[in-house]
Amino acid sequence: MSSAIETRSESDSSGGKVPLIELRDVGKSYGAIIALKGINLRVHAGEVTCVLGDNGAGKSTLIKIMAGLHQQTEGDLLIDGAQTHLESPKHALGKGIATVYQDLAVVGLMPVWRNFFLGQELRKGPFRMLDIQSMRATTKEELYKMGIDLPDVDAPIGSLSGGQRQCVAISRAIYFGARVLILDEPTAALGVKQSGTVLRYISAARDQGFGVVFITHNPHHAHMVGDHFVLLNRGRQKLDCTYDEITLEELTQQMAGGDELDTLSHELRR
Ligand SMILES: Nc1ncnc2c1ncn2[C@@H]1O[C@H](COP(=O)(O)OP(=O)(O)O)[C@@H](O)[C@H]1O
Ligand SMILES: [Mg+2]
C-alpha cells in the first residue's frame, strides 16, 4: 500500500499532479448503439470523483472501460500518465484499479474471512494448507482499520447489513493493492443509516490517499463526499466541475434533467 501512495506525488511537466486514470475523448459503441461519446475524465489520488447520471446514461459502460472489462472504441485511456490498453479486469487490478460492483459477488453462507480471501487464500507449510488463523486475524484487522468492528469474522457474510458488505468489499480491494476504487452505486439499495456507513467509508478511503470513483444517481450522496462531479446524459458528458463550482441545489437540478424538468412541471400544472 505504501509504495502505491508514494508514486502519487509525482508531477507532470505542467507541474500539476498526474492523474491515476485519465480518459481523453473516450467513446464506446456497441454496434450501432453509441453508449458513450467524448468523455474526458481525470481520477486523482485523494479525491472522490462522482459520476452521476440517470438509467441508461452510460455509467456502467464507463466503469467497465476503466475496469478493463470492455475497451473503448474511441479515445485514449492513460494510467499514471501512460497510454494503456487494459486487456482484462485482471490487468486493471494489476495496475491498482479495483471495482466493487453493486450486486456483490459474495457467497452468502461463507464466513466473512473466507469471502475476504476468496480466490487469494493465504497458505502455509509444505502442504500449502489454508492458513485460517492468519486469514481470520487479517480480516478483522483490515476491517478495524477502516472503522468496522466486527465481533465475529466467522459469521456468514450474508448476515451482515448491505452497508457492511460494501465496506468488506472495499477493504478487501484495498488490502489486495488497489489505488483506485471504482464503486458502482454502492448506496443505491441502502437506507439512510446504511448509506451513511458507506459514505463515511468512502471519505476515509479518500483521506488515506486513494482515488475513488463513486457512481451514484443520488446528488445528495454525491455532494456529501465528492470533490469532483461528472454528469452523464445519454452517453454525453453534461457537466464537469469541482465541489467549489456547484451547490447541492444546482447538482440536484442538473441531475433531475434541469430545464426539461421545469418544462414538464409547467405542463403538468396547467
Ligand atoms: N453490452 C451492451 N450491448 C449493447 N448495448 C449496451 C450494452 N451495454 C450497455 N448498452 C447500452 O448503452 C447505453 C448505456 O448503458 P449503461 O452504461 O448500462 O448505462 P447506466 O449504467 O448509466 O444505466 C444504454 O443505451 C444501453 O442499452
Ligand atoms: Mg448501470
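Residues numbered from 1 in each chain as written. Chains lettered and ligands numbered in written order. Predicted model: local features only at pLDDT ≥ 70, side-chain atom pairs only at ≥ 80, totals over all residues.

In the nomenclature of an unreviewed UniProt entry, the protein corresponds to ATP-binding cassette domain-containing protein from the organism Gordonia aquimaris.

(A) Summary view of the overall build of the protein. When you go through the protein residue by residue, the secondary structure sums to ten helices and twelve strands. A compact globule built from 270 residues should have a C-alpha radius of gyration of about 18 Å, and the protein, at 20 Å, falls within 12% of that. Among the 270 residues that make up the protein, the fraction classed as buried is 40%. The contacts in the protein between residues at least 6 apart in sequence include a share of 68% that link residues at least 24 apart. (Helix = DSSP H or I, 4+ residues; strand = E, 2+ residues; numbered from the N terminus. Rg over C-alpha atoms; globule rule 2.2 N^0.38 Å. Buried ≥ 20, exposed ≤ 12 C-beta atoms within 10 Å, placed from the backbone. Contact = placed C-beta atoms within 7 Å.)

(B) Broad picture of the site of ligand 1. Inspection of the region around ligand 1 gives Tyr30, Ile33, Ala35, Gly53, Asn55, Gly56, Ala57, Gly58, Lys59, Ser60 and Thr61 as its neighbouring residues. Sorting the residues of the shell around ligand 1 by element identifies β2 (33-43) and α2 (59-66) as the ones contributing at least two each. For the shell around ligand 1, the leading source of residues is α2, giving three residues. Residue classes in the shell around ligand 1 are distributed as four nonpolar, six polar and one charged. (Near = placed C-beta within 6 Å. Nonpolar A, V, L, I, M, F, W, Y, C, P; charged D, E, K, R; others polar.)

(C) How the structure looks around the domain arrangement of the protein. For the protein, the assigned domains read domain 1 (2-105 + 162-269) and domain 2 (110-155). Each of domain 1 and domain 2 was reduced to a C-alpha centroid, and the two centroids are 29 Å apart. Contact with domain 1, which involves ten residues of that partner, is made by nine residues of domain 2. Mapped by element, the contributors of at least two residues to the side of domain 1 that touches domain 2 are α6 (162-175) and α7 (192-207). Looking at the side of domain 1 that touches domain 2, the element that brings in the most residues is α6, giving six residues. A class-by-class count of the residues in the side of domain 1 that touches domain 2 yields six nonpolar, two polar and two charged. (Domains from an automatic or database assignment.)

(D) Here's a closer look at the pairing of strand β11 (residues 228-233). Within β11, five of the six residues are buried, which leaves the element mostly enclosed by the surrounding structure. Pairing of strand β3 (residues 48-53) with β11 involves five bridges; the strand directions are parallel. Residue pairing across strands places threonine 49 opposite histidine 228, the latter belonging to β11. Hairpin connection between β11 and strand β12 (residues 236-242): a loop of two residues separates the two successive antiparallel strands, and arginine 234 in this loop has a positive phi of roughly 45 degrees. (Pairing = 2+ DSSP bridges.)

(E) Molecular detail of the pairing of β3. When you tally the buried positions in β3, you get six out of six residues, the bulk of the element. Every second residue of β3 is oriented toward a common face, with Val48, Cys50 and Leu52 on one face and Thr49, Val51 and Gly53 on the other, all of them buried. Judged from the five bridges that link them, β3 and strand β10 (residues 211-216) form a sheet pairing that is parallel. Its bridge partner being in β10, valine 51 is matched across the sheet by isoleucine 215.

(F) Seen up close, the environment of leucine 160. Inspection of the secondary structure assignment puts leucine 160 in the loop between α5 (132-145) and α6. You can call leucine 160 partly exposed: it has 19 C-beta atoms within 10 Å. Once the C-alpha coordinates of leucine 160 and valine 18 are considered, the two residues, 142 residues apart in sequence, prove to be 38 Å apart.

(G) The arrangement of α6 in detail. Under the 1.5 Å per step criterion, the end-to-end length of α6 is 20 Å for 14 residues, consistent within 8% with the ideal 20 Å. With respect to burial, α6 is a largely interior element, ten of its 14 residues being buried. By the burial criterion, the buried members of α6 are Gly163, Arg165, Gln166, Cys167, Val168, Ala169, Ile170, Ser171, Arg172 and Ala173. Where α6 is buried, its residues meet β6 (97-100), α4 (112-116), α5, β9 (180-184) and α7. Remark: glycine 177 follows α6 within two positions and exhibits a positive phi of approximately 100 degrees. (Expected span 1.5 Å × (residues − 1).)

(H) Broad picture of the nonpolar core. Val180, Leu181, Ile182, Val213 and Phe214 are the most contacted members of the largest nonpolar core, which has 65 residues in total. Each of domain 1 (2-105 + 162-269) and domain 2 (110-155) gives at least three residues to this core. Leaving out residues up to four positions away in the same chain, valine 213 has contacts with Val43, Thr49, Val51, Met66, Val180, Ile182 and Leu183. (Core = buried A, V, L, I, M, F, W, Y, C linked by C-beta atoms within 7 Å.)

(I) Broad picture of helix α9 (residues 248-255). Inspection of α9 places Leu251, Gln254 and Met255 among the buried residues, and these make up the whole buried set. The buried side chains of α9 occupy one side of the element, clustering within an arc of 95 degrees when seen end-on. Close packing links the buried residues of α9 with β3, α8 (219-225), β11 and β12. Where α9 terminates, the next one or two residues include glycine 257, which has phi positive at roughly 110 degrees. (Arc of directions from axis to C-beta.)

(J) Geometry of the environment of threonine 247. Tracing the chain through its elements places threonine 247 in the loop between β12 and α9. Residue threonine 247 is classed as exposed on the basis of its 10 C-beta neighbours within 10 Å. Expressed as a C-alpha distance, the spacing of threonine 247 and histidine 223, which sit 24 residues apart in the sequence, is 8.1 Å.

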